[in-house]
Amino acid sequence: MEWLLSTAQKLINTGGSHQINQKLSGHQNSRRGAHGNCVSGERQNQTPFLAERPVSVSPVWFLELFPLCSLELFDRFKSTQVHALSPQDSNPCSRGKLSKCKFTNIGSVAQALLPCGLPTTELLEPSIDSYLKPLDYVESLAEIYRRLNTCSQTYKSLLCIEQFSILRGLGDPKLLRRCLCAARQYAIDVHSKVVLSAWLRYERRGDEFIGVSSKDCSGYILECPMAAMVSGFHSNSIYDHCQCGQDNLEAVDNQILMGNEGSSLEEDSDVSFCIGDELVRCVRFKIASLSSPFRAMLYGSFVESRRDKIDFSKVGISVKGMRAVQVYSRTRRVDLFCPEIVLELLSFANRFCCEELKSVCDAHLASLVCGIEDALILIDHGLEERANLLVASCLQVFLRELPNSLYNHKVMGVFCNSEARERLAMLGHASFLLYYFLSQVAMEENMASNAAVMLLEGLEEFATEKWQKALALHQLGCIMLERKEYKGAQFYFEAAVKEGHVYSLTGVARTKYKQGQQYSAFRLMNSLIFKYKPVGWMYQERSLYGVGQEKIMDLNTATELDPTLSFPYKFRAVLKVEEKQIRAAITEIDKIISFKLSPDCLELRAWFFIALEDFESALRDIRALLTLEPKYMMFHGRVSGDHLVELLSHRVRQWSLADSWMQLYDHWSSVDDIGSLAVIHQMLSNDPAKSLLWFRQSLLLLRLNCQKAAMRCLRLARNHTSSMHERLIYEGWLLFDSGHREEALSRAEKSISIQRSFEAFFLMAYTLADTNLDPESSSTVIQLLEEALRCPSDGLRKGQALNNLGSIYVDCGKLDQAADCYMNALNIKHTRAHQGLARVYHLKNQRKAAFDEMTKLIEKAHSSASAYEKRSEYCDREKAKDDLNMTTQLDPLRTYPYRYRAAVLMDDQKETEALEELTKAIAFKPELQMLHLRAAFYESMGDKTSALQDCEAALCLDQNHTDTLDLYNRTQDQATRSI
C-alpha cells in the first residue's frame with residue numbers, strides 16, 4: 001500500500017504525456033461517481049438597507065392567509081430565488097383577472113393546496129436578464145480576445161472583468177471563475193487584489209465553512225489575504241502556495257528588547273522633548289533621520305537646532321507616544337507598542353512627513369484587522385490619516401464577510417455614504433471593480449433592496465468605459481422594474497441603450513407596457529427584430545405584447561431560435577391548463593426540465609401535479625426544488641417550500657429509512673436524477689447531519705449541471721461530518737473542483753492513513769486519472785479502484801467504481817476484463833454500465849450487440865438524451881441521424897449532434913447547410929468545439945476573416961485549446977501571405 005500511495009503521488013507530480021478524455025467517467029464534466037460514462041448531462045439582523053425577507057407561514061394559518069385568486073408567473077432574476085410566481089402586481093385579484101378554468105375538474109383537496117388557483121397566461125412574464133447581453137456573442141468574444149492579446153499589462157485585469165461580464169450570459173460558473181482568476185493574476189494594485197481575492201472566496205462560498213474566519217488563508221496566493229496586500233505584478237502563479245505561516249518562524253521577545261533599549265536610553269541621548277512636565281530623551285541625529293522637517297529643525301537654522309530641550313506640548317502627541325517615537329528611531333519597529341500608540345505614531349508621521357514611519361505604522365495596523373468590529377474602528381483612522389494599507393485591510397474584512405456584512409448598517413455606511421465614498425476614492429479604494437462585486441452580492445441577496453440601489457449608484461458613479469456604464473444603467477433599470485418604479489426603470493434602460501446596450505430595449509418596452517403603452521412596446525420590439533439579426537429573446541419579448549395566434553407564433557419562433565428560453569415552455573404549458581389539458585401541460589414543461597433544471601419550472605410542474613391530485617409527483621418536484629434553493633418561497637413568495645412539503649407529506653405514504661434507501665437505489669438505477677434528489681432530501685429532513693447524504697446529493701447536482709448547489713452540499717457534507725477521515729475526503733473534492741489536484745490527492749492520502757475507505761481510494765483514483773493516464777498511471781488507478789472495491793460501501797458507489805474500472809481497462813486494451821467489470825456493475829443495477837459494455841462490443845466489432853446494449857439503456861433510463869447520442873455511433877447513417885435528432889429534441893444543449901450533422905453536410909459538399917447547422921446552435925450556445933469546427937469550415941472555404949473570428953471567440957473561452965491555436969496560427973499565416 002505504501003508503494004501504491006507513493007507511486008500515485010509521483011505520478012500526480014510528474015504528469016504524463018497522455019491527457020484523459022473519457023477515462024473514469026466518460027465525459028469531461030462527469031464527476032466522481034455521479035457521472036458515469038453514460039446517461040450523464042453535459043453536465044444578523046435586518047437593517048434599513050435591505051428589504052425585509054419573506055416570513056415563513058405556519059401551515060395552521062395556510063388556508064386563511066390566501067384568497068382564491070390567480071398569481072402572476074414571472075422568471076424573476078435573483079440567483080437565490082427565481083420565482084415561478086411574479087412578485088410584481090402583488091394583488092392581481094383586484095384587477096379582476098381570475099382564471100375561469102382554474103378549478104374545473106380539480107378536487108377539493110387540490111383546491112385547498114392551491115389557495116391561489118392555477119396561473120393564467122395573461123399574467124405570465126419572461127424575465128429581463130440583469131447582465132450584459134451582446135447581440136452577437138461570437139463577435140464580442142473575438143474582440144475581447146484580440147484586445148487581451150494587444151493591451152498593456154496594467155489594463156489586462158480590468159479587461160478580464162469585461163470578459164467575465166459578457167460571459168455571464170452563458171451561465172458556466174467554471175468559465176466565470178477562470179475569468180476572475182485571470183483578473184487576479186494580472187492585478188497590480190493592492191485594491192484590485194483585495195477585491196478580486198474576496199470575490200473568488202465569495203464565489204466558492206468560503207464563508208460557509210464551519211471554523212473558518214474571514215482572514216483565514218486557503219494556502220494559495222489566489223485568495224490569500226496577505227498576498228493581496230502586496231502591490232505589484234508577480235510572475236508567480238496565483239495557484240502557487242503562499243507564504244502564510246512561514247514568516248514568523250523566528251520569534252522575538254519584545255519585552256526583553258524593550259528592556260535592552262531602555263537600558264541604553266540614558267547613554268547617548270543629546271536632546272529632550274518636553275511634553276508638559278515630562279521629558280523624553282532622544283538621540284538628535286536619529287530623530288533627524290525620520291524626515292526632512294526634523295532634519296531642518298534639529299540641524300538647520302531654526303532655533304531648535306541650538307537647544308537641548310524642545311517644547312512639544314502643543315504638537316499633539318502624548319508622552320507615551322513620544323517615547324515610542326524615540327524607540328522607533330533606534331529600532332525601526334512599531335510592533336512593540338499597543339494599537340493606540342501606533343495610531344498616535346501614524347498621526348505624528350503624517351504631521352512631520354515621516355514617510356518610513358507612516359509606512360511601517362500603516363502595515364502594522366493593517367495586520368491587526370481581524371474582524372468587522374476592528375475594521376469599523378480602524379477604517380476611520382485609516383481614511384483620516386490616508387493609510388492605504390490599513391484601509392485596504394479593513395475593506396478586505398468587509399468583503400470577505402459578504403454577504404453577512406451587507407446586513408451591518410455601519411459597514412453599508414462606509415460604501416453608501418457619499419462622504420465616506422469620496423474619502424475612499426481619494427485613497428484609490430473606491431472603484432468600479434469594488435462596486436461591481438458589492439452590487440452583485442446585494443442583488444443576489446435581495447433584488448429590490450435599498451442596498452442594491454445605492455451600490456449600483458456607486459457602480460454608475462465609478463463607471464468610465466461604455467460597457468461599464470451600460471452595465472450599471474441596465475442593472476439599475478432591472479432593479480427599478482423589480483421595485484415597480486417604472487418611470488425610473490425606463491430612464492435607466494434608455495440610458496443603457498444610448499451606451500450601446502441594445503438588449504436594454506427589452507427593458508424600455510417592458511416599462512412602457514407596465515405604464516399602459518402596449519402598442520408602443522410592440523412597435524419597439526418589432527423594429528428591433530427588423531433592424532438586427534433576430535435572436536430568440538427578441539421574439540420572446542414581442543410575444544408579451546402580441547395577441548392571439550401572433551403571440552404563439554412568436555413564442556414558437558423564440559424556442560426555435562433559442563430552445564434554452566424557459567418562458568415559451570411555461571406559457572404554452574399554462575395555455576394548455578386553461579384549455580383543460582393538464583397532462584399536456586406537464587408534457588410541455590417536461591421538455592425544458594429534462595435538460596435545464598430550474599426552481600421556477602419545477603414549481604410550475606408541482607402546481608400541475610397538485611391540480612391532478614398526484615401528490616407524490618408534486619412532493620418529488622418540491623423536494624428537488626428545495627435541493628436547488630433551500631429557502632425557496634412558493635405561491636408568490638408567500639409560503640416556504642418546507643411548509644408545502646409538510647402539507648403534502650400528509651397526503652402520501654411515509655417511507656421508513658430502509659424504504660428510502662430502496663427508493664434511492666431504484667431512482668439512481670433508472671437514471672432518475674430528480675427522483676433521487678427528492679429521496680435524499682426526504683432522508684436529510686429526518687437526519688440533517690448525515691454527511692454521506694449531503695455528499696450523494698452533491699453528486700447528483702453535478703450531473704444536473706447545478707454547480708453552485710452541488711458545491712454547497714459538498715460544503716455541508718464537510719461541515720456535518722464528525723470523522724476526520726471523512727472531512728479530508730470532502731475537502732479533497734472541494735480542492736479538486738478548484739483545480740488543486742495535488743492537494744486533493746494529499747487529502748486522500750491523509751484520510752487513508754487514518755482509515756481505509758472506499759471514498760478515499762476513489763478520490764485518489766479519480767484525481768490521478770484526471771491528471772494523466774499513461775500506462776504506468778493506468779496501472780496505479782486500476783489498483784486504487786480495486787482497493788476501493790475491497791472497502792465497505794453500498795451498491796450505488798460500488799457500481800460506479802466497477803464502471804470506472806471497466807473504462808480504464810478499455811483504455812488499456814483489456815476488453816475482457818472491462819466486460820467483466822461492466823457485467824458485475826449491471827448485476828447490481830448500475831444501469832449506466834450498459835454504455836461501457838456497448839463500447840466493448842463495438843471495439844470487438846460486434847456493432848449489433850453494441851446497438852442493442854444502448855437500446856437497453858434507453859429503455860431503462862429516465863433521462864436518455866446521451867444514450868441516444870451514444871447509440872448513434874453504432875448504427876448506419878440514417879439511423880444515426882434519427883438518434884441524433886432525438887438527442888437534440890430531448891436536450892438541445894448537447895453539441896455533438898450539431899457537429900455530426902454539420903460534418904455530414906460538409907462531406908456531401910453542402911457547405912451553406914453545414915454552416916447553418918452550426919450557426920443556429922452557436923447563436924444560443926457559443927461552445928468551443930462548435931466554434932472550432934465552424935472556423936475549420938470557413939478556412940476550407942477560403943473565408944479567412946470568419947475563420948479568424950471564430951478562432952478568437954473559441955480562444956476567448958479557452959486560450960490554451962491546442963487545436964484551435966494551431967488553426968488560428970495557420971489561418972493567420974495564410975491571411976498574411978495573401979496580402
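Residues numbered from 1 in each chain as written. Predicted model: local features only at pLDDT ≥ 70, side-chain atom pairs only at ≥ 80, totals over all residues. Heavy atoms only, no water.

The next point concerns the overall build of the protein. From N to C terminus, the protein includes 50 helices and five strands. The buried share of the protein, taken over its 979 residues, is 59%. When the accessible area of the protein is evaluated, it comes to approximately 40,200 Å², of which 50% is carbon and sulfur surface. (Helix = DSSP H or I, 4+ residues; strand = E, 2+ residues; numbered from the N terminus. Buried < 20%, exposed > 50% of the residue type's maximum accessible area, 1.4 Å probe, protein only. Areas by Shrake-Rupley, 256 points an atom, 1.4 Å probe, with all protein chains shown as cover.)

The next point concerns the nonpolar core. In summary, soluble globular proteins display a tendency toward joint burial of nonpolar side chains. Counting 181 residues, the largest nonpolar core has Phe312, Phe348, Phe398, Leu399 and Phe415 as its most contacted members. Beyond its immediate stretch of four places on either side in the chain, Phe312 contacts Phe273, Cys274, Ile275, Phe294, Met297, Met322, Phe348 and Phe352. Phe609, Met711, Met764 and Ala801 belong to the second-largest nonpolar core, a separate cluster that totals 113 residues. (Core = buried A, V, L, I, M, F, W, Y, C linked by side-chain atoms within 4.5 Å. Contact = heavy atoms within 4.5 Å.)

The geometry of two aromatic rings is summed up by the distance between their centres and the angle between their planes. A complete count under the given rule lists 28 aromatic pairs for this structure. Relative to Phe312, the ring of Phe294 lies with its centre 6.4 Å away and its plane at 25°, an arrangement referred to as stacked. Pair noted here: Phe294 is in helix 11 (residues 292–299) and Phe312 is in the loop between strand 3 (309–311) and helix 12 (319–331), with a separation of 18 residues, a long-range link. In this structure Phe294 comes out as buried when scored by relative accessible area, which is 0%. Plain terms: the ring middles of Phe294 and Phe352 are 4.7 Å apart, the flat faces sit at 20° to each other, and that makes the pair stacked. One end of the pair, Phe294, is in helix 11; the other, Phe352, is in the loop between helix 13 (339–351) and helix 14 (355–368), with 58 residues separating them in the sequence. Phe352 carries the same exposure label as Phe294, and that label is buried. Each member of the aromatic cluster is reached from another via a ring pair, and the members are Phe164, Trp199, Tyr202, Phe432, Tyr436, Phe437 and Trp467. The lysine or arginine in question, Arg741, covers the ring of Phe736, its NZ or CZ lying 5.0 Å from the ring centre. (Phe/Tyr/Trp six-rings, centres within 6.5 Å; stacked < 30°, edge-to-face > 60°. Lys NZ or Arg CZ within 6 Å of the ring centre and 35° of its normal.)

Using the residue numbers shown here, the UniProt feature "repeat: TPR" (unreviewed entry) corresponds to residues 799–832. End C-alpha to end C-alpha, residues 799–832 measures 9 Å, and it is 76% helix and 0% strand. (UniProt positions renumbered as here; feature names shortened; annotations may be inferred.)

Bringing the packing of helix 20 (residues 450–462) against helix 21 (residues 466–482) into the picture now. Relative to each other, helix 20 and helix 21 sit at 160°, their axes nearing to 8 Å. One element, helix 20, and the other, helix 21, form an angle in the roughly antiparallel class. For the pair helix 20 and helix 21, the crossing hand works out as left-handed. Where helix 20 abuts helix 21, its residues Ala452, Val453, Leu456, Glu457, Leu459, Glu460 and Phe462 lie against Gln468, Ala472, Leu473, Gln475, Leu476, Ile479 and Met480. Taken together, the residues of the contact of helix 20 with helix 21 sort by class into 10 nonpolar, two polar and two charged. (Axes fitted to C-alpha atoms, helices over the stretch in contact; angles between N-to-C directions. Parallel < 35°, antiparallel > 145°, perpendicular 65-115°, else oblique. Left-handed = near helix turned anticlockwise from the far one by under 90°. Nonpolar A, V, L, I, M, F, W, Y, C, P; charged D, E, K, R; others polar.)

Looking now at empty space enclosed by the protein. Using a probe with the size of a water molecule, rolled over the atoms, empty space left in the structure can be pinpointed. In this model, the second largest cavity occupies a volume close to 30 Å³. Lining the second largest cavity, in full, are Ser127, Ile128, Tyr503, Thr506, Arg510, Trp537, Gln540 and Glu541. Secondary-structure elements contributing two or more residues to the lining of the second largest cavity are helix 23 (505–514) and helix 25 (536–543). For the lining of the second largest cavity, the element with the highest residue contribution is helix 25, accounting for three residues. Residue classes in the lining of the second largest cavity are distributed as three nonpolar, three polar and two charged. (1 Å grid on protein atoms, 1.4 Å probe; cavity = no way out; pocket = protein on both sides within 12 Å on 5 of 7 lines; lining within 4 Å. Points joined across faces, edges and corners; volume = space filled by probe spheres on them.)

Another aspect to go through is the pattern of salt bridges. In the structure shown here, the tally under the stated rule is 47 salt bridges. Between Lys514 and Glu125 there is a salt bridge; the shortest N-O distance is 2.4 Å. One end of the pair, Lys514, is in helix 23; the other, Glu125, is in the loop between helix 3 (108–113) and helix 4 (137–150), with 389 residues separating them in the sequence. With relative accessibility at 16%, the residue Lys514 sits in the buried group. Connected through salt bridges with shared partners, the residues Glu125, Arg510, Lys514 and Glu541 form a single ionic network. (Salt bridge = Lys/Arg side-chain N within 4 Å of Asp/Glu carboxyl O.)

Turning to the sheet that holds strand 2 (residues 278–282), a few remarks are in order. Hydrogen bonding along the main chain pairs the strands of a sheet, whether they run parallel or antiparallel. The sheet built from three strands is open, its strands ordered 2-1-3 with mixed pairing. What marks the edges here is a single partner per strand, and that holds for strand 2 and strand 3. Direction aside, neighbouring strands of the sheet carry axes that sit 30° apart on average. When strand 1 (residues 271–275) meets strand 3, the two strands line up parallel, connected through three bridges. Along strand 3, the bridge assignment pairs Ser272 with Lys309. Contacting strand 1 and strand 2, helix 12 runs over the sheet at an angle of about 5° to strand 2. (Pairing = 2+ DSSP bridges.)

Moving on: the packing of helix 38 (residues 758–771) against helix 40 (residues 795–811). Remark: helix 38 packs on helix 40, axes separated minimally by 12 Å, with the N-to-C direction vectors making an angle of 30°. One way to sum up the angle between helix 38 and helix 40 is to call them roughly parallel. Classified by chirality, the crossing of helix 40 by helix 38 is left-handed. The segment helix 38 lies against helix 40, with Phe758, Glu759 and Phe762 engaging Arg797, Lys798, Gln800, Ala801 and Asn804.

Side-chain positions along a regular strand alternate between the two faces of the sheet. The pairing of strand 1 with strand 2 spans five bridges and is classified as antiparallel. Bridged to Cys274 within strand 2 is Leu279. Where strand 1 folds back on strand 2, the antiparallel hairpin that results is connected by two residues, among which Gly276 adopts a positive phi of roughly 65°.

Along an α-helix, a turn takes 3.6 residues, which lines up residues three or four apart on a common side. Between its first and last C-alpha, helix 14 extends 20 Å over 14 residues, near the 20 Å set by a 1.5 Å rise per residue. Buried within helix 14 we find Leu357, Lys358, Cys361, Asp362, His364, Leu365 and Ala366. Looking at the buried residues of helix 14, the elements they touch are helix 12, helix 13, helix 15 (372–384) and helix 16 (388–400). (Expected span 1.5 Å × (residues − 1).)

This next bit is on the side chain of Gln396. Mapping Gln396 onto the fold places it in helix 16. Apart from the residues lying within four places of it in its own chain, the contact partners of Gln396 are Val194, Lys215, Pro225, Ala228 and Met229.

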